[in-house]
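If you want the building blocks of each chain, they are given just below.
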Amino acid sequence: MSKKRLAPDFIFESSWEVCNKVGGIYTVLSTRAKTLQEQFPDRIIFIGPDFWKQNESPYFREDSSLFSEWKRIAREQGIKVRVGRWTIPGEPIAVLVDFSPYYEQKNELYTWLWENYHVDSLHAYGDYDEASMFSYAAGLVVESLYNWIVQGNLSSFTFNQSSLKVVYHANEWMCGLGALYVNNKLPQIGTIFTTHATSIGRSIAGNQKPLYDYLFAYNGDQMAQELNMQSKHSIEKQTAQYVDCFTTVSEITANECKELLDKAVDVVLPNGFDNSFVPKSHEFARRRRMARKKMLQLANALLGEQMEDDTVIVSTSGRYEFRNKGIDVFVEAMNRLLRDRELKKNVLAFIVVPGWVGEPRKDLQERLLSGKNFDTPLEVPQVTHWLHNMGHDSVLNMMKYYDMHNRHEDRVKVIFVPCYLDGQDGLMNLSYYDVVLGNDICVYPSYYEPWGYTPLEAVAFKVPCITTDLAGFGLWANKVFGHYGELEDGVKVIHRTDYNYSEVADQIKDTVAHFSVMHKAQVDACRKAAEALSKKALWKEFIEYYYEAYDIALQKAELRKKKLQNDYTLKLK
């Protein structure tokens, strides 16, 4: 007979990216929130850093009626918070905390961390202090709010005080200190820690070292010392060791955790997707046409060339991690495609990666505003926005090295868009998802990618894509297909290793060339297959893994509660 799974009455979840759009974790939390809010209405409470203070945030709407009595108590305890709604589907409760007052306690906190958990904060630099102060502040919020709820102050919720079940879910090393604080001060709360990518694994990969063939031989502590990552690695490793439920996002990262953090994960939490904002049929077609039109207009204004509507539009995107995200191999592939005789159509390739951007090019803006067509290129026809480091930019330098200057006779043109696409880039003024919509095929040939939201987003918008089996999403797709994914499946999954860079570039080149000769019916079939795959990765399919994690954490918390009660009873006797 299987044991009954425990479900939380309240979930506290913290992340640096709550109401703070920085990277992929924002997408994980913000798309999952609706599913959890439906299951635990207003009992899932997100905790994030308050960067906006009194200013209006595009991601947060303050609500003075929420937890008003608790806010007064928190103020008396010296905790500065704002409570409101995260402006995402589901609109869950969010608590934003000002962590700046805790810097003056930094040395005492790091001493406490060392004495209780052997976390080495001695070698801290960069964002370690900032993240740790936020994490501590989040822990204080959990402690204060939990104590207020357990005293029966939440009139909208009735419960048995002795049986209240609460979990605290901390994301990434940045929230490790808070998780350990809750572990220490509130043993009745079940703790969960998710590493979305190990800090030391990302560092090994980013420092041009072979990660996968040598993973079994690497010692995480030793590599952290070599790469000056001791403090981040230490907080991540010790948090993994002490929480009730340690999780990550894919099997590939689970293996990394086992080898580099010396701790096997309790459950893998794959990243799902909420497709409620994918436009429906008629609106979908309209927005796709609009996006393609704007992308081709941008190309004409920059390159001085009229590109027809049958141009194959290709893109890659993500964080500017030149090797880890496979940006280098994408440029390599486009360079080889330039010389491929099998290519039957013009290709317009976009590299949408936020760099150290200055401003939109004025000459390009003027051309776009004129509404005219142009037959002469602008200077430097490879980039849409001026960068602060034009001479040291990896994308531009690689294109220059390969003599990729977007000449009129070139069938493949590559344009670098080095800014966030938030609808206010000053040129196309399209959102990122609209740009994805305009693509024919997307390419994400990652070397280091724990999950891979970009290919999942692409297929959700019916855009077939290329990824690798070093991405968690690529491995998952292969598992669903029962074989290595091909473009006809909606996702082409390329086998990638530490050393087959050239073969990966060739496979990307060949796949795009193959796509260029497909008939409309074949393209439509690819698009349909992509959409079908995306529906298997919706949160309603993946949320079950979270319920498993909650159960693991709560079962351990219940055992602690019983032990504490027994100890107390024995003491009375």
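Above this text sits the structure in question.
The model shown is predicted, which means the values in this text are computed figures rather than measured ones.

What counts and what doesn't
Residues numbered from 1 in each chain as written. Predicted model: local features only at pLDDT ≥ 70, side-chain atom pairs only at ≥ 80, totals over all residues. Heavy atoms only, no water. Phe/Tyr/Trp six-rings, centres within 6.5 Å; stacked < 30°, edge-to-face > 60°. Helix = DSSP H or I, 4+ residues; strand = E, 2+ residues; numbered from the N terminus. Buried < 20%, exposed > 50% of the residue type's maximum accessible area, 1.4 Å probe, protein only. Lys NZ or Arg CZ within 6 Å of the ring centre and 35° of its normal. Contact = heavy atoms within 4.5 Å. Polar contact = N/O pair within 3.5 Å; in protein donor to acceptor, adjacent residues only side chain to side chain. Pairing = 2+ DSSP bridges. Axes fitted to C-alpha atoms, helices over the stretch in contact; angles between N-to-C directions.

Residues and numbers for the packing of aromatic side chains, please.
Applying the stated criterion to the full structure yields 36 aromatic pairs. Each ring, one from Y26 and one from Y59, has its centre 5.7 Å from the other, and the planes form 65°; the classification is edge-to-face. Of this pair, Y26 sits in helix α1 (residues 24-39) while Y59 sits in the loop between β2 (44-49) and β3 (60-62), placing them 33 residues apart in sequence. Arranged with centres 6.3 Å apart and planes meeting at 85°, the rings of W451 and F542 form a pair that is edge-to-face. In this pair, W451 sits in the loop between β15 (441-443) and α15 (453-460) while F542 sits in helix α19 (residues 539-572), placing the two residues 91 residues apart along the sequence. Accessibility expressed as a relative area gives 4% for F542, which makes it buried. Counting every residue linked through ring pairs, the aromatic cluster contains Y102, W112, Y117, Y136, Y181 and Y242. Positioned over the ring face of W539 is R32, at 5.8 Å from the centre of the ring. Over the ring of Y125 we find K232; its NZ or CZ atom is 5.9 Å from the centre of that ring.

Which residues make up the environment of H123, and what are the values?
One can find H123 in the loop between α3 (106-117) and α4 (128-150). Expressed as a C-alpha distance, the spacing of H123 and N228, which sit 105 residues apart in the sequence, is 7.7 Å. Sequence-distant contacts of H123, that is, excluding residues within four places in its chain, are made with Q230 and S231. Among the polar contacts made by the side chain of H123, one reaches the side chain of D120 at a distance of 3.0 Å.

Explain the sheet that holds strand β11 (residues 347-352) to me, using residue names and the numbers behind them.
Strand order in this open sheet of six strands is β14-β11-β10-β15-β16-β17, and the pairing throughout is parallel. Here the strands that pair on one side only, and so sit at the sheet edges, are β14 (412-417) and β17 (491-494). On average, adjacent strands in this sheet sit at an angle of 25° to one another, irrespective of strand direction.

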